[in-house]
Amino acid sequence: MSSLPAESSVAPLLSMAGVRKRFDNVVALSGVALDVHGGEVHAICGENGAGKSTLMKILSGVYTPDEGHITIDGEPVRVNGLHHAQALGIVMIHQELNLVPHLTVAENIWLGREPRRGWFVDSARQRDGARACLQRLGVDIDPDAAVSTLSIAQQQMVEIAKALSMDARLLIMDEPTSSLGEADAARLLAVVNELKRAGVGIVYISHRLDELDHIVDRVTILRDGHYIATRLWADTSIDEIVSLMVGRELNQQFPPATRQPGSEVLLRVRGLRRDGVFGPLDLELRRGEILGFAGLIGAGRTEVARAIFGADPVDAGDVELAGQALSIRSPRDAIRAGIAYVPEDRKTHGLAVKMSVAHNITLANLGSLASGLGFVDAARERSTAERFIQQLSIRTPSPEQIARLLSGGNQQKVVISKWLFREARVIIFDEPTRGIDVGAKYAIYELMDRLAAQGIGVVLISSDLPEVLGMSDRVAVFRQGQLASLLDTRGCTQQDVMHHASVGATTAAKPSPAALEPIL
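Here's what I pulled together on the structure shown here. Quick caveat: nothing in here was measured; it's all calculated off a predicted structure.

### Points about the packing of aromatic side chains
Tallied over the full model, the rule gives six aromatic pairs. Aromatic side chains Phe23 and Tyr63 sit 5.1 Å apart centroid to centroid with 65 degrees between the ring planes, which places their arrangement in the edge-to-face category. Within this pair, whereas Phe23 is found in strand E1 (residues 14-23), its partner Tyr63 is found in the loop between helix H1 (52-59) and strand E4 (67-72), the two being separated by 40 residues in sequence. For Phe23, a relative accessible area of 31% gives the class partly exposed. Assessed through its relative accessible area of 26%, Tyr63 is described here as partly exposed. Taking the centre distance of 6.4 Å and the plane angle of 80 degrees together, the rings of Phe309 and Trp419 count as edge-to-face. Of this pair, Phe309 sits in helix H9 (residues 301-309) while Trp419 sits in helix H14 (residues 408-421), and the two are 110 residues apart along the sequence.

Right, here's the structure in full:
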């Protein structure tokens, strides 16, 4: 890691000053400043809605600032669109994947810049160029594979390879590891350090503050659209950064539990099996309990949850809710029974992003708002939305705000509100805090605990082991589609969970010192 001085005599590659941007009546940025040197990784930290992505979209030509100045190599510039930004050497890797599913990996990497031989695309050069970019990342992905056949982690790597193919001088990385497992994330961070050594300036946005320690030289903190401070990474601490981000000290990562799980079984799964994917497995969720699902990528956690919710078919097994046998053939059946699912990809599967906050909150239970003639009562819909906006502290200008314009944490609260209005008895959270800042995470944790305290059964699927152990009463550890062990989180460590996730334990195994319980 370099040790750039706080005030460098070398002209920065990029300088932004006095940047202001307004959307209707909402001021997204006000007086924001940023400078980045070649060969530097400069992190931008802030809560969801702090203005990080807006600032980067201005830099990459998506938005035009209302006020402010931008210079590249000391020369004033006005970035007029994505192509102009790329011509200036500015390339952005967006948090949301921007690939064409039916095209191949190579075609996506070179889309719009295809190497040609006469009138025709030179497929061999295109394929070889794509393979070279992927090899630079250290990933084994077939350039001829259709993007639709790749995992989310692989698609993220293709996005990064696409950016690398443009020979960027300034690379903007917005939550690049949010969909990656530990091995892929570590490989990406190694690539970031390689690019830094090659003189590339990198703006890095991530809510995973611990990973910044491996790559970052300086950090700029934004709060509510305002510039707060810039610090040398080596001279600050994560606690100080968090305090600057949220405007207050967060003395603990997880809220104290107010729930008291009972012995009554709320949800029981018996012999659930999907051939070639998972099972058979037995599982129980108690009333008022938070049950964690842990395991390596591909272990079957999400697949089991989707099967319980009826989103994927099963070949055998029974599901009971409060002692009543259920016939779940689709999500509609699960919703009617009182089972809800908060998906990992909230924008694609959890929200109608072009609809209002109010419409999203009431979408799963419109019948309760219908008048005698079958029309939705607009006044009742608004009052219902306002009630949940207040209860969950959703930050939105009004119930009519379009959902896609909310921050990630507030979008997540809207999805949860939808299921609370439906009066769900079991809520499955799949990676609920992915891409959410530390302040919003704490709010989601408090909400999950409050739901459990009300007697709702909560399933928490997470790749973040501290999150699983900090929030769950018990954790079900999956390995290769099987339930390897069920652990009481009291006295359980991350090493215990990883041992069962990677080495595995059968239902006949002896209990370990990590409070291994018999499989239900």
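### Things to note about unusual backbone geometry
Cis rather than trans, the peptide bond between Gly279 and Pro280 has omega equal to 5 degrees. Along the chain, the position of Pro280 falls in strand E14 (residues 278-286). Located in the positive-phi region is Glu423, a residue other than glycine, with phi close to 60 degrees. Here Glu423 shows up in the loop between H14 and strand E19 (426-430). Positive phi, normally seen in glycine, also occurs at Gln480, with a value near 50 degrees. Accessibility expressed as a relative area gives 63% for Gln480, which makes it exposed.

### Looking at helix H8 (residues 238-246)
Among all positions in H8, only Ile241, Val242, Leu244, Met245 and Val246 are buried. Against the buried residues of H8 lie strand E3 (41-45), helix H7 (209-212), strand E11 (218-223), strand E12 (226-232) and helix H15 (438-453). Following H8 by one or two positions, Gly247 has its phi on the positive side, about 80 degrees.

### Comments concerning the pairing of E1
Here E1 runs beside E4; their pairing, made up of five bridges, is antiparallel. The partner of Arg20 across the bridge, within E4, is Glu67. With seven bridges joining them, E1 and strand E2 (residues 26-36) adopt antiparallel strand pairing. Looking across to E2, one finds that Arg22 is bridged to Val27. Adjacent in sequence and paired antiparallel, E1 and E2 are bridged by two residues, among which Asp24 carries a positive phi angle near 55 degrees.

### Some details on a nonpolar patch on the surface
A surface patch of nonpolar side chains, about 280 Å² in accessible area, is lined by Met355, Leu363, Leu366 and Val376. Tracing the backbone through its elements, the reader meets Leu366 in the loop between helix H12 (357-362) and helix H13 (378-391).

### What to know about the side chain of Thr489
As for its position among the elements, Thr489 is in the loop between strand E22 (482-488) and helix H17 (494-502). Not counting residues up to four positions away in its chain, the partners in contact with Thr489 are Val468, Leu469, Ser472, Asp473, Arg474 and Val475.

Rules and cut-offs
- Residues numbered from 1 in each chain as written.
- Predicted model: local features only at pLDDT ≥ 70, side-chain atom pairs only at ≥ 80, totals over all residues.
- Heavy atoms only, no water.
- Phe/Tyr/Trp six-rings, centres within 6.5 Å; stacked < 30°, edge-to-face > 60°.
- Helix = DSSP H or I, 4+ residues; strand = E, 2+ residues; numbered from the N terminus.
- Buried < 20%, exposed > 50% of the residue type's maximum accessible area, 1.4 Å probe, protein only.
- Contact = heavy atoms within 4.5 Å.
- Pairing = 2+ DSSP bridges.
- Patch = residues over 30% accessible without salt bridge, like charges linked within 9 Å, V, L, I, M, F, W, Y side chains within 5 Å.
- Areas by Shrake-Rupley, 256 points an atom, 1.4 Å probe, with all protein chains shown as cover.
- Salt bridge = Lys/Arg side-chain N within 4 Å of Asp/Glu carboxyl O.

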